[in-house]
Structures are given as structure tokens and as C-alpha cells.
Amino acid sequence: MTTTSLNLSAAKQRTPSTTRLAALLILVGALALPLVVDSAMIGDFSYFLLWTFCAIGLAAMWGHGGILSFGQTAFFGLAGYTYGVMTLNFGDGVLSTWSGLIMALLVAATVAAALGYLMFYGGVTGIFIGIVTLSFTLVLETFMSQTAGPQWAIGSARLNGFNGMSGMPPLSLPWFGGELLTLEGNAFYYLIILLLAGVYWAVRRLLRSNFGLTLASIRENPRRAEMLGIDIRRYQLLVFVLGGVLSGLSGALYTLWGSYITPSSMGLTAAAMPVIWVATAGRKNIFGTLVITALLVWLSQWLAIYGSEYAMILLGAILLFVVLAAPNGLLPWLAERITRWSKKGESL
């Protein structure tokens, strides 16, 4: 074995432990954050982080399964509206709110399974998956935008068309003395952190398992994988449903965060955002996807103060740079450049 191969092997062995250490440090820092910042900033951080579930789902689908989907915000919106319908009809109790969250994820999973079955078992492949999912998203957004009349109601929950639904109650938990602990502010932030840690750990384990290896083989050469006896459609459907559920989780948390949901959350601009986040982070990098998504959502919100067009122009420029100069993602590109500069410095 040559010196180069030994160095590559050592680097591969160090990478998982380094990533785990970085993730652990970020988790500790995130849990301690409410001790040093005010409640308004915690609310902002909650907003930045709730989008990461959607991005992680797309990273699993696109980076590891080779499925580029523009339909993540469709499941996002479906879950948000489902939570609204459930809680506006059944109230703000512990059972009704948590049932609403579970039902929101079930609806997202069911719709993702139905759409995925029609695509993968119907022979839709490649770029046509992106076209179908984008069409589904835009049709759903257009339909929800025209539900403004009083006839568009499910029980006591009116859909309200373009204005969306509002007034949904937060999650709650039983507390001492028979009182309810409402998951708002810092409590809601801690809920997101715990969910994010669990999802990150579970998705990484899944993608490192035989399931993830099979997905990788399908991504690299689907025909060869099928000739080896792998039911590629079943694996594609499963990872598509996983992405739909995680997007639905983002949608339900978004509804909880702002107590509203509108059709614009499923529009063309919203549908493109997860693709930009994941492409910038590197499609196969789950940890990088988490970090880059939170940073780009923060950047978009900061630029929105000066006008939403600035945010879109910058994100478009970032995507163009990634496509042309850093196809493996911005973080790997930066790491490679830093390594080269350090080597040049050592040689001097």
C-alpha cells in the first residue's frame, strides 16, 4: 500500500469521528443557547432550524437515492394544513394537539407513498421526477389559493384561500398540579433541538446501513442494481416517503411556530429553496445540509429586510457558483481549498 492510499485511509477513518465531535459540540451549544440570548432570538433560531428537516429529507433522497424532487414543500404544506384542521376542530388539549401532529405526518406519508408509487412503478425516472413533483406542488398551491369562500371548510376550520389558516394552538404536555405545559418559546426550541438530534442520528444510521448501501448502488447504476435482483422501485419509494415525512415535520413545526400556514409556502420560490440548500451543502452531506440550511435561511431572512429580491439574487448566485465551481457542495470545496493553501504554506 502506497503512502497516498494510507493517507486517504486515515482521512476516511478520521472523518466520521470529527463529524460526530462537531455535531456533539453544536448540540451542546444549541441546548445552552437560551441561557445567553433573549426569547426573540430563540424564536428566530427555532424558525431557522425547523426547515432543516425538509432539507435532510431531500439530501437523503437526492444525494443518496439519486431522486431530485421539487415536491418537498407540497408535503410541507399538506402537513401544516392537516395540523390546522385537526386542532381547530378538536381544540388545544394534549391529546388533540399531538394527534394533530401525528395525523399531519401520516397525511404527508400517505400522499408521498401514493405519488411515489405512481412515479416509480409507472416508469418515471430522471429529470421527469423533478417535473412531476414540481407540477404536483404548483397544482396543490393553486388549488389551496382559491379556497377562500365559506364553502371551503373542514368542520369548523376554514381554509381561507390565499390568506391561509391561522389561530392553531401549540403543542402541550401535562405538568405538575394538573396544569398544561405549553410548548412555546424556549420549550418549543428545545423540542426542535431534540427532534433534530433524533432525526439526524436516525437518518445517518439508516444511510450507513444496508438500506443506504443499496440506495447508493441504485443511484450509481440502477440497471446494474436491478440485474442483481434489487427491487429498485421499492427502495426509491421508501426513501421518497422518508423525505415526504421529514418535509411534513417541517411543515407541522412551521405551523406551530407561527400559528399559521398559507399556500405561498408551497409556491415555486419555496419549492426551489430546499434544492438550493442541499446543493450548496453537498448532496451527500447530512451534517453539512443541517448547517448550511440554517445559515441560508438566516441569510434570506436578513436580506428580506432590505427586499426579498436581494435574497433571491444572492441564493441564485450561490447556486450558480456551486453548479459551476463546486458541484460537490460549498463546504467540501472550502475544505479542499483550505487544505491546498495549508500544504502550500508548509512547502514554503
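For the structure itself, consult the block above.
Below is a short write-up of the structure. Keep in mind that what you see is a predicted model, and the values were worked out from it rather than measured. (Residues numbered from 1 in each chain as written. Predicted model: local features only at pLDDT ≥ 70, side-chain atom pairs only at ≥ 80, totals over all residues. Heavy atoms only, no water.)

**Here's the deal with helix H10 (residues 232-258)**
Given 3.6 residues per helical turn, the α-helix brings residues three or four places apart onto the same face.
Logical step 1: If you check H10, its first and last C-alpha atoms are 39 Å apart, about what 27 residues at 1.5 Å a residue would give, namely 39 Å.
Logical step 2: Across the 27 residues that make up H10, a large majority, 20, are buried.
Logical step 3: A positive backbone phi angle near 60° is found at serine 259, which sits one or two residues after H10. (Helix = DSSP H or I, 4+ residues; strand = E, 2+ residues; numbered from the N terminus. Expected span 1.5 Å × (residues − 1). Buried < 20%, exposed > 50% of the residue type's maximum accessible area, 1.4 Å probe, protein only.)

**Considering the environment of threonine 82**
Logical step 1: Relative to the assigned elements, threonine 82 resides in helix H4 (residues 72-90).
Logical step 2: Relative accessible area serves as the criterion here: at 13%, threonine 82 is assigned to the buried category.
Logical step 3: Once the C-alpha coordinates of threonine 82 and leucine 319 are considered, the two residues, 237 residues apart in sequence, prove to be 32 Å apart.
Logical step 4: Among the polar contacts made by the side chain of threonine 82, one reaches the main-chain carbonyl oxygen of leucine 78 at a distance of 2.7 Å. (Polar contact = N/O pair within 3.5 Å; in protein donor to acceptor, adjacent residues only side chain to side chain.)

**Side note on helix H8 (residues 210-220)**
Logical step 1: All of the buried residues in H8 are Phe211, Gly212, Thr214, Leu215 and Ile218. One side of H8 carries all its buried residues, which in axial view fall inside an arc of 160°. Of the exposed residues in H8, the ones pointing more than 90 degrees away from its buried face are Asn210, Leu213 and Glu220.
Logical step 2: In this structure, the buried side of H8 is in contact with helix H3 (52-65), helix H7 (186-208), helix H9 (222-227) and H10. (Arc of directions from axis to C-beta. Contact = heavy atoms within 4.5 Å.)

**Considerations on the pattern of salt bridges**
Logical step 1: On inspection of all chains with the given rule, the structure shows 3 salt bridges.
Logical step 2: In this structure, the salt-bridge partner of arginine 337 is glutamate 336, at a minimum N-O distance of 3.9 Å.
Logical step 3: For glutamate 336, a relative accessible area of 37% gives the class partly exposed.
Logical step 4: Among the ionic pairs, arginine 340 bridges to glutamate 336, the shortest N-O distance being 2.7 Å. Of this pair, arginine 340 and glutamate 336 are both found in helix H14 (residues 330-347), 4 residues apart, which corresponds to roughly one turn of the helix.
Logical step 5: Through salt bridges with shared partners, one network takes in Glu336, Arg337 and Arg340. (Salt bridge = Lys/Arg side-chain N within 4 Å of Asp/Glu carboxyl O.)

**Focus on the side chain of serine 300**
Logical step 1: Relative to the helices and strands, serine 300 is located in helix H12 (residues 286-304).
Logical step 2: Among residues more than four places away in sequence, those in contact with serine 300 are Ala311 and Leu315.

**Focus on a nonpolar patch on the surface**
Logical step 1: There is a patch of nonpolar side chains on the surface, built from Trp298, Trp302, Ile305, Tyr306 and Tyr310 and spanning about 620 Å² of accessible area.
Logical step 2: In this fold, tryptophan 298 is placed in helix H12.
Logical step 3: Given a relative accessible area of 42%, tryptophan 298 falls into the partly exposed group. (Patch = residues over 30% accessible without salt bridge, like charges linked within 9 Å, V, L, I, M, F, W, Y side chains within 5 Å. Areas by Shrake-Rupley, 256 points an atom, 1.4 Å probe, with all protein chains shown as cover.)

**Looking at the nonpolar core**
Logical step 1: Of all hydrophobic cores here, the largest spans 92 residues; its most connected members are Trp51, Ile56, Met165, Phe240 and Leu253.
Logical step 2: Here this core takes 12 residues from H10, the largest share from any one element.
Logical step 3: Leaving out residues up to four positions away in the same chain, methionine 165 has contacts with Tyr81, Gly84, Val85, Leu88, Ala157, Arg158, Leu159, Asn160, Ser259, Tyr260 and Ile261. (Core = buried A, V, L, I, M, F, W, Y, C linked by side-chain atoms within 4.5 Å.)

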